[in-house]
Amino acid sequence: MIDIKLIREQREFVKKEMEKLFVPVQIDEIYEFDESKRKLLYDTECLRNTRKILSKEIAAEKNEEVILAKKNEVKRINELIKTQEDELSAIEQKLNALMLNVPNLPDSDVPVGRDETENVVVSYFNAKKKFDFKPKTHFEIGEKRDLIDFERGVKISGTRFYVLKKGFAKLQRALINFMLDTHITYHDYEEVYPPYMVNEACLVGTGQLPKFSDTLYKDDDSGLWFVPTAEVPVTNMYRDEIIDIKMLPIKHAAYTACFRKEKMSAGKDTRGIKRGHQFDKVELVKITTPETAKDELFNLINDVQDILNRLDIPHRLVKICTGDLSFSAKEKYDVEVYAPGMDEWLEVSSCSNFGSFQARRANIKFKRDKNSKAEFVNTLNGSGLALPRVMIAIIENYQTKDGYIRIPNSLKPYFGIEEFI
RNA sequence: GGAGAGAUGGCCGAGCGGUUUAAGGCGGCGGUCUUGAAAACCGUUGAUGCUUAAAACAUCCGGGGGUUCGAAUCCCUCUCUCUCCGCCA
């Protein structure tokens, strides 16, 4: 949620900034609702104050007639309060619903652009590998060598599900451990293992709800939702808390499965393991003060890239333009790996700075010292990394002419004596 | 799933219809004393809204609803926690 005071005090500025996102936002409606809410709130508070005073007078009064008169007076006031409160809560509900659908304001140095075609490639890392044969796709290798079973995945669960087998199942498990170990040992993150199912408040807190409910899986019976990313449970660990500044920055690394309906892209990317309804991911989450958030974003990107450097995977860093920013982000960088079999750049991580947007929704604050006022923290996160696409990158970059996969050096401690899959 | 108990400020804990603008303790912060520290003593100690800020005012005793002139306190309801039993990776 953005600060409603910005709409109150700098309405034209907010409208101008929102235009850069190329989505309609109802700023004027919000302004009107806010105005009437404040007026009504003030009036109601005055009435409550009068009632309070009268009640005290009744308690002190001895004269029965005066008591009766005052009682009737309060009854009359109560009726007024009741109508005003009903009106007030109706307005507040509408205002809140509108505010929850307002995206974050873009940071001043995000390039302005309409859609993903106007994203900016910042730079390239690790040279593309040279092949003396035509590199195969991961799904060709996977099917040929019985390492990915697409048919049985569909039989068990339906389209966009698959079964990893033997060396590929082990490769994914090794990668999860390698990523977590690296972040914990070298990048100073604290490991957490969160629930895969969360209540509704969590998803409102990080910004998936109410707007994107059609992309999420839900168990109607319990009212719990399956997490689309570990960002949701990990950030919400601190929901409704006031954190001591000495604890900041908080840095968590978490492995979870992620569940997404991927409705929007039905029919697209159906080949391979690039886009499934269930995938594994190691996620990095940071909670910081506002003044350190920018630096922490770049540190986060470095931590993400370090994994790819240790695996020697060619990749590039892309700065996301205003029109392609996600709903909650004020600034975002994507990390994309190169898959030579598919001849495609694949997004393996999205690193975002949310400013105070999520903190305001989830009510996460910090105090500079004992007597200072609580302020909203800033939240950040990035994948570190998404497993299927890193798998694709390793399979396709490390393949041999006869369809085997060489194990990258940094993964060898996780494979024992094996040299190939 | 069955039976019972409970939910109060950072923590513990009183409070059972109107001096509660929530007692008392612990912890935290500031001070006195001290070479320094401890102890002791004194003071202070939440959130939200409105407000340039402060003051004032309003709201907050798990959530929602009700009774009453007035609710932390009474009633209904939901959620959660704990104890015991049953079931189960």
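The structure this text deals with has already been given above.
Here's what I pulled together on the structure shown here. What you are looking at is a predicted structure, and each value in this text was computed from that prediction instead of being measured.

On to the environment of lysine 319, then. Here lysine 319 shows up in strand β11 (residues 315-319). Other than its neighbours up to four places away in sequence, lysine 319 contacts Asp109, Val110, Pro111, Asn119, Val120, Val122, Lys332 and Tyr333. At 3.2 Å, the side chain of lysine 319 forms a polar contact with the side chain of tyrosine 333.

Turning our attention to the protein's contact with RNA strand B. Looking at RNA strand B, there are 19 residues lining it, with Arg8, Arg38, Asn49, Val74 and Lys365 nearest. Among all atoms of RNA strand B positioned within 4 Å of the protein, those belonging to sugar or phosphate total 75%. In the environment of RNA strand B, a phosphate oxygen lies 2.7 Å from a nitrogen or oxygen atom belonging to the side chain of arginine 8. Elements with a contribution of two residues or more to the surface near RNA strand B: α1 (4-9), α3 (27-60), α4 (64-100) and β14 (364-367). The dominant element in the surface near RNA strand B, judged by the number of residues it contributes, is α3, at 10 residues.

One recurring pattern in soluble globular proteins is that nonpolar side chains are buried together. Ranked by internal contacts, the top residues of the largest apolar core, which has 53 residues, are Phe168, Leu175 and Ile394. Every element with two or more residues in this core is listed here: α5 (138-144), α7 (166-186), β10 (278-288), α10 (293-310), β12 (331-339), β13 (344-353), β16 (378-386) and α12 (387-397). In terms of residue count, α7 provides more of this core than any other element does, 8 residues in total. Residue contacts for leucine 175: discarding those within four places in its chain leaves Leu311, Leu387, Val390, Met391, Ile394 and Leu411.

Attention now goes to the sheet that holds strand β8 (residues 241-244). Strand order in the open sheet made by the 3 strands is β8-β14-β15, with mixed pairing throughout. Single-partner strands in this sheet number two, and they are β8 and β15 (375-376). One ladder, built from 4 bridges, connects β8 with β14; its direction is parallel. From the neighbouring strand, isoleucine 242 faces β14, where its bridge partner is lysine 365.

Here the distance between the centres and the angle between the planes together describe a pair of aromatic rings. In total, this model carries 10 aromatic pairs according to the counting rule given. Where phenylalanine 131 meets phenylalanine 133, the ring centres are 5.5 Å apart and the plane angle is 80°; that geometry is what we call edge-to-face. Using a relative accessible area of 17% as the deciding quantity, one classes phenylalanine 133 as buried. A ring pair is formed by tyrosine 338 and tryptophan 345, whose centres lie 5.2 Å apart and whose planes are at 55°; its orientation type is tilted. With relative accessibility at 9%, the residue tyrosine 338 sits in the buried group. Taking the relative accessible area as the measure of exposure, tryptophan 345 reaches 22% and is therefore partly exposed. Grouped by ring-pair contacts, the aromatic residues Tyr124, Tyr338 and Trp345 constitute a single cluster. Its guanidinium or amino end placed over the ring of tyrosine 31, arginine 11 lies 3.7 Å from that ring's centre, counting from NZ or CZ. Between lysine 129 and the ring centre of tyrosine 398, over which it is positioned, the NZ or CZ distance is 5.0 Å.

Rules behind the numbers
Residues numbered from 1 in each chain as written. Chains lettered and ligands numbered in written order. Predicted model: local features only at pLDDT ≥ 70, side-chain atom pairs only at ≥ 80, totals over all residues. Heavy atoms only, no water. Helix = DSSP H or I, 4+ residues; strand = E, 2+ residues; numbered from the N terminus. Contact = heavy atoms within 4.5 Å. Polar contact = N/O pair within 3.5 Å; in protein donor to acceptor, adjacent residues only side chain to side chain. Near = heavy atom within 4 Å. Core = buried A, V, L, I, M, F, W, Y, C linked by side-chain atoms within 4.5 Å. Buried < 20%, exposed > 50% of the residue type's maximum accessible area, 1.4 Å probe, protein only. Pairing = 2+ DSSP bridges. Phe/Tyr/Trp six-rings, centres within 6.5 Å; stacked < 30°, edge-to-face > 60°. Lys NZ or Arg CZ within 6 Å of the ring centre and 35° of its normal.

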